[in-house]
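# Observations on the model geometry
Residue-level listing of the chains:
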Amino acid sequence: MPTQGPKGMHRGVSRRQFLRRAGGTAVGLGALALSRPPRAAAQSTSPYPEWIPASTKTAKRGGTLTRASAWDPPVLDPRLTQSVGLYQFAGLTSNRLVRYVFPEEASGPVDMALKGDLAESWTSSPDYRIWTFKLRQGVKWQNVAPLNGREFTAADVKYCFEAFAKEGVQTFNFKEIEGIETPDKYTVRLHMQTPNVFVAHSLAEPIAVIFPKEILEEDGDLKKRQIGTGPYILKEHTRKVRVVLQRNPDYWDKGRPYVDEYIILITPDDATRKAAFRTKQADFIWTASPSEVEALRKTNPDLVAQSYHNTWVPWGVAMAQDKPPFNDVRVRRAFAMAIDRQKQVDTVYEGHGILGWGVPYIYYQDKRPTAEQFGPWWQYKPAEAKKLLAEAGHPNGFSTTLFYYEYFPQMTSQVQLVQAELKKNLNVDVKITKMDYTTYYGRYADLKWEGLCWGFQSGHAVGVDERTYQYMHSKSTKNFFRVNDPQIDELTVKLRQTPDPKEQRVITKKIVDREYDQVARLWMPYDNGFIVAQPHMRNHASIALRRTDGYGSPHITRVWLDK
Amino acid sequence: MYKYVLRRIFLAVPVLLLSSLIVFGLMRVMPGDALTVLMGESGNIGEKELAKVRKDLRLDLPYYQQYGLWLWQMVSLRPGDSLLTGEPIAVSLGKAIPVTLELAALAMILGLALAIPIGVLSATRQDTASDYAGRVVAVSGLSFPDFWLGTLVITFAAIWFHWIPPIGYTSLWDSPWRNLQQFLLPAAVLGFRLSAATMRMTRSTVLEVLREDYVRTAWAKGLGGRIVVYKHALKNALIPVVTVVGGQLGVLLAGAVVIETIFALPGMGRLTVEAIQYRDYPVVQTNVMLVAAILVSLNLAVDLTYAWLDPRIRYR
């Protein structure tokens, strides 16, 4: 009896086959319980490509794209959350003024060129304090009440940016705008508080989506409705079940998007997401390790996997460096030398991981950093670490604490490895406390904790200004790692005032070098992962910093189904 | 009988009140709150802004006032809105309850359909191959945790049959067939777990009853085996079984949390877990109170069932 697939696909499994397999399942369950195959040995390279070039065929219209997603947006209000749950589709219902290139237009995974989205062009004054954006004409809001397809104008941008500055999680960024002028219907002029060469980049971040005033004024918030100018109309958002996006027939970029419907199935369990992919209920998913891709390949031999290489890591050991003993740079350096990060890559991430650094390397060099590049304090040298700690006045080690939230299972292994190595190499006793997210976050963000913490920097905005000034300047509210270094302060301010891209790279490198030298943030390895897709997907590649299944959701605009 | 029921209802009040105090207290003891999670992640929120929103949501009130306010909302059956989503809790529950109810009912039906016949079979064929097989099934049900069994079932279904239930939730009224596909597998997993204890209890009580004098008399009268076992023995053996089943309803609700997560069903379990993670106080408190009220009612229902099973029982 054929079984009916989610999209009308018939996959024949005869009654005889079914009974045979049902019998086998019972045996299989038992067998699996008794013997679990060993994990793949550490491997240094991935057999999967890092980049999937755009299809050369003519794009086909139609079809339904489905993805099983771990994330569920708590609310639809872009003023109130920067969660990936929202931005896995907010960039499809709404546009920004500027955007990063789509994979289809990119020369490779690290191409970070800017393109116009709702703005056709933009210029800045010589001092980078006034930014003028010329808007695309003829853009209409989606034909959904109460907007009903009215024209998008400069007044909408002004209203939206002022609302972002007034309240919510984006206040800090939008308060940098001193004033907004709209000299005509299609021109927006931003007056910045201080010179900033990265204004266009900040407005290209996935979170800078433009929403209409009608919803905010009618509802008082944007929690329940989302209407934009984007390629997809939000047809349904049923919490914990699914998000359904329908092609916007009046989209200003004529002929796009290609896919008629995009369904995001909220699937919290990883095994279920993989099962959804195996049974073709999901067209693409994210997996962490090479062995997982290999396991999927057994049932789906024609899958297409992109080996995604992170250009930065979100997690590292944060030290209370404004208090003893971590206010002594020798202690921080000793810690860095006592932890074998390569071992974590080889064991925890099966060789498919990166050593860890906080500023995306693409902002200061072309190639991925090597271990040597981090400098002397980042090499695994336990004997020297011990000596340095003794010089700092702790010949017999000391006791400290570390709290963390397990974002993913590998993290616990990493925490335990760090604990073991600090004990073995420095006689430092680390008392670990594993917390639930809210407890962890509340303690982490109040910046009053002592000892150590498995710190993070969030991934919603990844421009160079975000990764340097916003996360490292001593006065920034995002300075979670409590960096307090006058040189870094000076360099990060200088960077946002430097227009020349070459000079920007030089300054960024200086910031990074200083960070490593001072061990201001002790980065830990992180996985690279894979985007795994059904063979009929086209133009779905992820680019650096923008995963198609996450904050890079606008890529879906150019995805098409070859079937 | 009526007096008994009234007395039980009256006694339920302090139980519920104590539950309300415990859940309210526990939620406040846990560090962090919904605002920290929702708005703090960006690192962009100042203390002043957080304080303003806290005031808007009345989270700045003293605990006793917050408790009093919430108690009044519960008594007046207006539990308020979710701090996280702003959705009225009654609406959230309206969506989640049918899912968990259907899952629990189906699991219970499947569990009992498995447990009673196997339990009786084990008892009537004591120490035979069938008995051993039944006992293995029961012990397996007790030993396999929900998360393990659920994960294996969904993974093997995908690998071996290239089929898993359609992800998501479709209402029974919108598409009964699709709904059944979505619920059958999770209910079977949950039901299997539930059936274990019931199976063992059925076996032991039926064994005990089969040794009673009146059963021997029934055999001596020449009654057929089915009549003796199912009409005379089983009914009398069911009182302890019903007690076990009633007691397992709490286990069933706990198991639903895991099963709903694995099979992506938007029920009470996921609603509560998410609310705990986000410190969505009103949602957690309301859900816990609802579950407490359901358990109290079910216990009463179980007690009342005794009289139906054994007419000698009288309530005073």
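Residues numbered from 1 in each chain as written. Chains lettered and ligands numbered in written order. Predicted model: local features only at pLDDT ≥ 70, side-chain atom pairs only at ≥ 80, totals over all residues.

### Here we look at the overall build of chain A
Threshold: Runs of E in the DSSP output that reach at least two residues are strands. Runs of H or I that reach at least four are helices, and both are numbered from the N terminus. Here the radius of gyration uses the C-alpha set of atoms, whereas the globule reference equals 2.2 Å times the residue count to the power 0.38. Backbone-placed C-beta atoms define the burial measure: a residue is buried with 20 or more other C-beta atoms within 10 Å of its own, exposed with 12 or fewer, and partly exposed in between. By the convention adopted here, residues make contact when the C-beta atoms placed from their backbones lie within 7 Å.
Helix and strand counts for chain A stand at 17 helices and 24 strands. The C-alpha radius of gyration computed for chain A amounts to 25 Å, which stays within 12% of the reference 24 Å derived for 563 residues, consistent with globular compactness. Along the longest, intermediate and shortest principal axes, the C-alpha atoms of chain A span 75 × 70 × 40 Å. For chain A, with 563 residues in total, the buried portion stands at 49%. When contacts within chain A are restricted to residue pairs at least 6 apart in sequence, those whose partners lie at least 24 apart make up 71%.

### Overview of the overall build of chain B
For chain B, the helix and strand inventory stands at 12 helices and 0 strands. When the helices and strands of chain B are listed from N to C terminus, the series reads α-α-α-α-α-α-α-α-α-α-α-α. For chain B, the spread of C-alpha atoms along the principal axes amounts to about 85 × 55 × 35 Å. Each of the 316 residues in chain B was classed as buried or not, and the buried ones make up 37%. The long-range fraction of contacts in chain B, counting pairs at least 24 apart against all pairs at least 6 apart in sequence, stands at 74%.

### What about helix H15 (residues 464–472) of chain A?
Residues and elements named next belong to chain A. Extensive coverage of H15 is indicated by the burial of 9 of its 9 residues. Of all the residues in H15, the buried ones are Val464, Asp465, Glu466, Arg467, Thr468, Tyr469, Gln470, Tyr471 and Met472. Looking at the packing, one finds that the buried side of H15 touches helix H6 (199–203), helix H16 (486–495) and helix H17 (501–518).

### So, the environment of B:Glu208
Residues and elements named next belong to chain B. Note on placement: glutamate 208 falls in helix H8 (residues 176–210). By the C-beta count within 10 Å, which is 14 here, glutamate 208 ends up partly exposed. Sequence separation of glutamate 208 and alanine 237 is 29 residues, and the distance between their C-alpha atoms is 8.1 Å.

### Re the packing of H8(B) against helix H10 (residues 225–262) of chain B
Residues and elements named next belong to chain B. Threshold: All axes are obtained by fitting lines to C-alpha atoms, using only the stretch in contact for helices, and the reported angles, taken between N-to-C directions, cover 0 to 180 degrees. Each angle is binned into one of four classes, with values under 35 degrees roughly parallel, values over 145 roughly antiparallel, values of 65 to 115 roughly perpendicular, and all other values oblique. In a left-handed crossing the near helix is turned counterclockwise from the far helix by less than a right angle, and in a right-handed crossing that turn is clockwise. Each residue gets one of three labels, nonpolar for Ala, Val, Leu, Ile, Met, Phe, Trp, Tyr, Cys and Pro, charged for Asp, Glu, Lys and Arg, and polar for the others, Gly among them.
Viewed as axis vectors pointing N to C, H8 and H10 meet at an angle of 160 degrees, and their least axial separation amounts to 8 Å. When the axes of H8 and H10 are compared, the pair comes out roughly antiparallel. Judged by the twist between their axes, the crossing of H8 over H10 is right-handed. Across the contact of H8 with H10, the residue classes tally to 19 nonpolar, 6 polar and 1 charged.

### Quick look at the sheet that holds strand S7 (residues 130–135) of chain A
Residues and elements named next belong to chain A. Let me state the cut-off plainly: The pairing criterion for strands is at least two bridges between them, as found by DSSP.
Strand order in the open sheet formed by 4 strands is S6-S7-S9-S8, and the pairing between neighbours is antiparallel. Of all the strands in the sheet, just strand S6 (119–124) and strand S8 (177–184) have a single pairing partner and so form its edges. The average angle at which neighbouring strand axes cross in this sheet is 20 degrees, direction not considered. Sheet analysis places S8 next to strand S9 (residues 187–192), joined by 5 bridges and oriented antiparallel. Residue pairing for S9: glycine 179 is matched across the bridge by histidine 191. Across the sheet, helix H4 (residues 154–166) touches S7, S8 and S9, and the angle it forms with S8 is around 170 degrees.

### Focus on the sheet that holds strand S20 (residues 522–523) of chain A
Residues and elements named next belong to chain A. Within the open sheet, the 5 strands sit side by side as S18-S17-S19-S15-S20. Their pairing is mixed. A strand with exactly one partner marks an edge of an open sheet, and here the two such strands are strand S18 (429–435) and S20. Pairing analysis gives 2 bridges linking strand S17 (residues 399–405) to strand S19 (residues 452–456), with the strands arranged parallel. Paired with leucine 402 across the two strands is leucine 452, which belongs to S19. Against the sheet, helix H13 (residues 409–426) makes contact with strand S15 (315–319), S17, S18 and S19, and its axis sits at roughly 165 degrees relative to S18, the strand it touches most.

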